[in-house]
Amino acid sequence: MSELLLNPCGILCDNCNFYNNLCSGCRLQNGSPFWAKDHIEKGICPIYDCSVNKYSFNNCSSCIKLPCSIFFELKDPNISEEEHKKSIADRVKKLKN
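If you're wondering where the values come from, they're calculated on a predicted model, not measured in any experiment.

Asker: What am I meant to see in the pattern of salt bridges here?
Answerer: Side chains that differ in sign of charge can pair as their charged atoms come close. Summed over the entire model, instances satisfying the criterion amount to two salt bridges. Its salt-bridge partner being Asp49, residue Lys42 comes within 2.6 Å of it at the nearest N-O pair. Given a relative accessible area of 18%, Asp49 falls into the buried group. A salt bridge links Lys86 to Asp90; its shortest N-O distance comes to 2.8 Å. Of this pair, Lys86 and Asp90 both sit in helix α4 (residues 81-96), four residues apart, roughly one helical turn.

See below:
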């Protein structure tokens, strides 16, 4: 799996409908994908900002708090709470492999 395609949060770019369409990937956009610009005050994904900018990790797998509160707070409003929790579990699994 390419390091450029695995984001700090565990989302794989090539599994995303927006990749190569509205987004070139979090790493190439320095944590500022299209959705963050419109929905996050700083315009940077809080998970990316914490992992890469604050702690200089390659991804969240290096953090002892994985998954932290940011994972749970940063929920796509278009999915259910159950889907959100499953997404977090899937991403954590990818990061730990």
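Asker: For this particular structure, what's the right way to read the confidence of the model for the protein chain?
Answerer: Detailed conclusions should not be drawn from predicted coordinates in areas where pLDDT is low. When the pLDDT values of the protein chain are averaged, the result is 91; 96% of them are 70 or greater. The weakest mean pLDDT in the protein chain belongs to helix α1 (residues 34-39) at 85; the strongest belongs to helix α3 (residues 69-73) at 97.

Asker: Help me out: how do you make sense of the nonpolar core in this one?
Answerer: A general feature of soluble globular proteins is that nonpolar side chains tend to end up buried together. Counting residues in each nonpolar core, the largest one holds 14 residues, and the members touching the most others are Ile47, Cys60, Leu66, Phe71 and Leu95. If you list the elements that add at least two residues to this core, you get α2 (46-54) and α4. Of the residues forming this core, the biggest block, three residues, is contributed by α4. Ignoring anything within four residues of it in the chain, the contact list for Leu95 reads Leu6, Asn7, Pro8, Cys9, Gly10, Asn59, Cys60, Ser61, Leu66 and Phe71.

Asker: What is the right way to look at the packing of aromatic side chains in this model?
Answerer: The description of an aromatic ring pair uses the distance of the two centres, along with the angle that the planes make with each other. Across all of its chains, the model carries two aromatic pairs by this definition. Between Tyr55 and Phe57, the ring centres sit 5.6 Å apart and the planes meet at 15°, which makes this aromatic pair stacked. Note on Phe57: relative accessible area 23%, which makes it partly exposed.

What counts, and where the lines are drawn
- Residues numbered from 1 in each chain as written.
- Predicted model: local features only at pLDDT ≥ 70, side-chain atom pairs only at ≥ 80, totals over all residues.
- Heavy atoms only, no water.
- Salt bridge = Lys/Arg side-chain N within 4 Å of Asp/Glu carboxyl O.
- Buried < 20%, exposed > 50% of the residue type's maximum accessible area, 1.4 Å probe, protein only.
- Helix = DSSP H or I, 4+ residues; strand = E, 2+ residues; numbered from the N terminus.
- pLDDT = per-residue confidence, 0-100.
- Core = buried A, V, L, I, M, F, W, Y, C linked by side-chain atoms within 4.5 Å.
- Contact = heavy atoms within 4.5 Å.
- Phe/Tyr/Trp six-rings, centres within 6.5 Å; stacked < 30°, edge-to-face > 60°.

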